[in-house]
Amino acid sequence: KILVIGAAGQLGSELTKSLSDLYGGEQVIATDLNESARSKFDYCKFEVLDIMDKEAARKLVKSENVKQIYHLAAVLSATGEKNPLFAWDLNMDSLLFVLEIAKEFKLDKVYWPSSIAVFGPNTPKVNTPQYCVKEPNTVYGISKQAGERWCEYYFQKFNVDVRSLRYPGLIGYKSLPGGGTTDYAVDIYHKALAGEKFNCFLREDSYLPMMYMPDAIKATLDLMHAPTDTVKIRSSYNLSSMSFAPKEIYQSILKHIPDFQIEYKPDFRQAIADSWPDSIDDSHATKDWGWQPEYDLDKMTEDILKNLPNYKF
Ligand code: VAH
């Protein structure tokens with residue numbers, strides 16, 4: 001069985017569906033903190049699980065004969081800055097626990113997402129390489145950097161087959177914007193379709209690496225299905241598909257909604273965005289397991305504006 005921790009999140013809600021489509025709903029156990037998430041998972045099993053409740057998680061792994069864990073629960077960058085110690089505790093303690101469980105129960109595979117947030121202000125900003133200076137200055141980024149070190153440690157020391165991707169900002173229409181610095185690029189579509197002016201919390205020229213959710217799902221499954229010996233990087237792979245600034249996503253929407261208005265009001269999240277790269281070199285992912293993105297900005301905008309109006313949250 002496959003256990004998905006944090007299944008009701010932005011990535012989790014789409015990845016859980018893809019895993020169920022691939023392996024059958026009866027093979028997938030979606031878990032989340034809130035009972036209210038149950039209604040989202042009528043296609044697989046659902047259990048309420050607070051990943052900080054280690055005994056409950058152990059019991060679930062044992063009773064359901066779990067063989068793979070996708071650990072997607074985390075506090076994102078903007079929310080993390082409001083609650084640093086809680087964010088560190090949740091992000092780190094839960095990962096260490098999942099790695100220990102994987103070692104103890106000899107799980108087949110573990111997936112854990114990292115992020116471009118591991119890069120900091122003195123990281124090369126253009127075509128950021130796989131190996132470079134990483135001095136993240138957000139709690140979220142610090143926890144992702146430390147988490148990558150632990151993943152590589154458990155692979156090398158205990159042969160835990162844990163795999164990871166440094167996601168860019170992920171954009172999907174199936175979840176509302178969360179506590180992410182890149183979530184302006186989710187919210188902008190909702191506002192455009194609602195005929196409302198969009199207040200963008202980043203500067204118009206704030207370039208960030210971004211990815212449409214279908215590409216993120218494809219990369220995750222490509223990595224998880226790759227033969228073990230082709231997965232050469234056991235910290236976390238750089239991953240990219242496109243980079244854009246708010247003014248470009250605005251222009252992309254204008255092609256479909258010509259009277260859409262925007263104004264730029266940078267807030268505390270601008271400093272977070274400024275500490276991250278503009279673009280990412282993901283040549284190792286391409287070389288090791290054949291990564292190729294499918295969506296560019298205009299193709300994403302068309303798909304979102306077509307699907308969002310009839311998506312039931
Ligand atoms: C965030 N969406 O903004 C996440 C992601 C690279 C950004 O890690 O925190």
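Predicted, not measured: the structure shown is a model, and the values here were computed from it. (Residues numbered from 1 in each chain as written. Predicted model: local features only at pLDDT ≥ 70, side-chain atom pairs only at ≥ 80, totals over all residues. Heavy atoms only, no water.)

Caption draft 1: Structural detail: the side chain of Thr-123. Within the fold, Thr-123 resides in the loop between β6 (114–115) and α5 (139–158). Looking at Thr-123, its side chain comes within polar contact range of the main-chain nitrogen of Gly-120, at 2.9 Å. From its side chain, Thr-123 meets the backbone oxygen of Val-133 in a polar contact 2.6 Å long. Those residues in contact with Thr-123, other than ones at most four positions away along the chain, are Thr-128, Cys-132, Val-133, Lys-134 and Glu-135. (Helix = DSSP H or I, 4+ residues; strand = E, 2+ residues; numbered from the N terminus. Polar contact = N/O pair within 3.5 Å; in protein donor to acceptor, adjacent residues only side chain to side chain. Contact = heavy atoms within 4.5 Å.)

Caption draft 2: A look at the pairing of strand β2 (residues 28–32). The element β2 is largely enclosed, with a buried count of five among its five residues. Burial of β2 is two-sided: the residues Val-28, Ala-30 and Asp-32 facing one way and the residues Ile-29 and Thr-31 facing the other way are all buried. Where strand β1 (residues 2–5) lies against β2, four bridges are found, and the strand directions are parallel. Bridging from a neighbouring strand, Ile-5 pairs with Thr-31 of β2. In this structure, β2 lies alongside strand β3 (residues 45–48), joined through four bridges in parallel fashion. Note on β3: the bridge partner recorded for Ala-30 is Phe-46. (Buried < 20%, exposed > 50% of the residue type's maximum accessible area, 1.4 Å probe, protein only. Pairing = 2+ DSSP bridges.)

Caption draft 3: View of unusual backbone geometry. Its identity is not glycine, yet Asn-65 carries a phi of approximately 50 degrees, on the positive side. Mapping Asn-65 onto the fold places it in the loop between α2 (54–63) and β4 (68–71). The phi angle at Asn-127 is positive, at roughly 55 degrees, despite the residue not being glycine. Assessed through its relative accessible area of 46%, Asn-127 is described here as partly exposed.

Caption draft 4: Structural view of the pattern of salt bridges. According to the stated counting rule, one finds 21 salt bridges in the structure shown. Across the pair Arg-203 and Asp-205 runs a salt bridge, and its minimum N-O distance is 3.0 Å. Residue Arg-203 is classed as partly exposed on the basis of its relative accessible area, which comes to 34%. The structure contains a network of salt bridges with shared partners spanning Lys-1, Lys-45 and Glu-64. (Salt bridge = Lys/Arg side-chain N within 4 Å of Asp/Glu carboxyl O.)

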